[in-house]
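If you want the building blocks of each chain, they are given just below.
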Amino acid sequence: MIVDKLEVETLPDPAAVGAAAAAAAAESLRRIIQAQGSARLVLAAAPSQQHTLAALSVAEGIDWSRVEAFHMDEYVGLPVAAEQRFGRWLGRHFTAPVPLAVFDPAGGAEPVAEAARYAALVAAAPIDIVLAGIGVNGHLAFNEPPADFTTSDVVQVVALDEISRRQQVDEGLFGSLDDVPTHAWTLTVPFLLSARDIFCMVSGPAKADAVRRTLHGPVDPGVPASALRTHPRARMYLDQEASPDE
């Protein structure tokens, strides 16, 4: 299925989603490294990404020493050593076993200064590939609705929607809502859309309504993930439970 410019594929389960997305991302990485000698990759850190990252980490023919990787968002206010930090999550699930050229787990204590530092680092050269998911409220990275579709900022510090904070509890990442930070920094929607290729993986019944609004409503800041429909090389992989047609 194609919705505007967005290719959408529905697969039986999260493992199949991960395998298909990882195969496509690996093919893109190999092609880009062959063409230009290196690649720059932006990663989401969430349980929905585990199957993709696990499969990608063992894909054949990728020279990881030529890949720079960055994460797309991070909490404000968590201690640097907190296990819930996205940089640490990616370390456990992807970057530790993969010999990347660069991975900078952003973690400065002062959010505005750290956002500026990370913006300069990530924007130093074009991004080749984004691996993303969407939230139960339709957020893309931590661009909460209504998202800014026109900003020239690379990174913004944002207040987190309570729905997004509740999702972190429901996914077992925090014990209670009070434990979840109220703010984060995030790569912006326009910056994410500047990537050459985008692969978006979505699984589970909790995401079905967000997927329905992403695919079948207007392209609208109230559903940040709907912006994916404007990208010429974006692909979305759904499992049966996340598909709005199931």
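Scroll up a little and you will see the structure.
Just so you know, these numbers come straight off a predicted model, no measurement behind them.

## Some thoughts on the pattern of salt bridges
Phase 1 of the analysis: Applying the stated rule across the entire model yields twelve salt bridges.
Phase 2 of the analysis: A salt bridge links Arg 92 to Glu 83; the shortest N-O distance between them is 2.6 Å.
Phase 3 of the analysis: A residue is classified by how much of its surface remains accessible, and Arg 92, at 42% relative accessible area, is partly exposed.
Phase 4 of the analysis: Note that Arg 117 and Asp 104 form a salt bridge whose closest N and O atoms lie 3.0 Å from each other. Placement of Arg 117 in helix α4 (residues 111-122) and of Asp 104 in the loop between β6 (102-103) and α4 is noted, with a sequence separation of 13 residues between them.
Phase 5 of the analysis: For Arg 117, a relative accessible area of 35% puts it in the partly exposed group.
Phase 6 of the analysis: When salt bridges that share partners are traced, they join Arg 31, Asp 197 and Arg 233 into one network.

## Points about the nonpolar core
Phase 1 of the analysis: In terms of nonpolar packing, the biggest core is built from 41 residues, with Leu 56, Trp 64 and Leu 131 touching the most fellow members.
Phase 2 of the analysis: At the level of elements, α1 (14-36), β3 (39-43), α2 (50-57), β4 (67-71), α3 (86-95), β7 (129-132) and β10 (197-202) are the ones that each hand at least two residues to this core.
Phase 3 of the analysis: Among the elements that make up this core, the one with the highest residue count is α1 (nine residues).
Phase 4 of the analysis: The residues contacting Trp 64, other than those within four sequence positions of it, are Leu 29, Leu 41, Leu 56, Ser 57, Phe 94, Val 98, Pro 99, Leu 100 and Ala 101.
Phase 5 of the analysis: Listed in part, the 37 residues of the second largest apolar core include Ala 44, Ala 132, Ala 141 and Cys 200.

## Quick look at the sheet that holds strand β8 (residues 155-159)
Strand-to-strand pairing in sheets goes through backbone hydrogen bonds, with the strands running parallel or antiparallel.
Phase 1 of the analysis: With antiparallel pairing, three strands are arranged side by side in an open sheet as β5-β9-β8. Every interior strand has two partners, whereas the edge strands, β5 (73-75) and β8, have only one. Ignoring strand direction, the axes of neighbouring strands in this sheet form an average angle of 20°.
Phase 2 of the analysis: As paired strands, β5 and strand β9 (residues 183-187) are joined by three bridges and run antiparallel to one another. Across the sheet, residue Tyr 75 finds its bridge partner in β9, namely Ala 184.

## Side note on the sheet that holds β6
Phase 1 of the analysis: The strand order across the open sheet built from eight strands is β1-β2-β11-β10-β7-β3-β4-β6, with neighbouring strands paired in mixed fashion. Edge positions in the sheet fall to β1 (2-3) and β6, since each has one partner strand and no second.
Phase 2 of the analysis: Bridge analysis of β1 against strand β2 (residues 6-11) gives two bridges, and the strand direction is antiparallel. Of the residues in β2, the one forming a bridge with Val 3 is Leu 6.

## Remarks on empty space enclosed by the protein
Rolled over the atoms, a probe sized like a water molecule indicates the empty space that remains.
Phase 1 of the analysis: Enumeration according to the criterion identifies one cavity of 30 Å³ or more in this entry.
Phase 2 of the analysis: Considering only enclosed or pocket space, the largest cavity measures out at about 200 Å³ in volume.
Phase 3 of the analysis: Partitioning the lining of the largest cavity into residue classes produces nine nonpolar, seven polar and three charged.

What counts, and at which threshold
- Residues numbered from 1 in each chain as written.
- Predicted model: local features only at pLDDT ≥ 70, side-chain atom pairs only at ≥ 80, totals over all residues.
- Heavy atoms only, no water.
- Salt bridge = Lys/Arg side-chain N within 4 Å of Asp/Glu carboxyl O.
- Buried < 20%, exposed > 50% of the residue type's maximum accessible area, 1.4 Å probe, protein only.
- Helix = DSSP H or I, 4+ residues; strand = E, 2+ residues; numbered from the N terminus.
- Core = buried A, V, L, I, M, F, W, Y, C linked by side-chain atoms within 4.5 Å.
- Contact = heavy atoms within 4.5 Å.
- Pairing = 2+ DSSP bridges.
- Axes fitted to C-alpha atoms, helices over the stretch in contact; angles between N-to-C directions.
- 1 Å grid on protein atoms, 1.4 Å probe; cavity = no way out; pocket = protein on both sides within 12 Å on 5 of 7 lines; lining within 4 Å.
- Points joined across faces, edges and corners; volume = space filled by probe spheres on them.
- Nonpolar A, V, L, I, M, F, W, Y, C, P; charged D, E, K, R; others polar.

The quantities given are spatial measurements derived from coordinates; they are silent on function.
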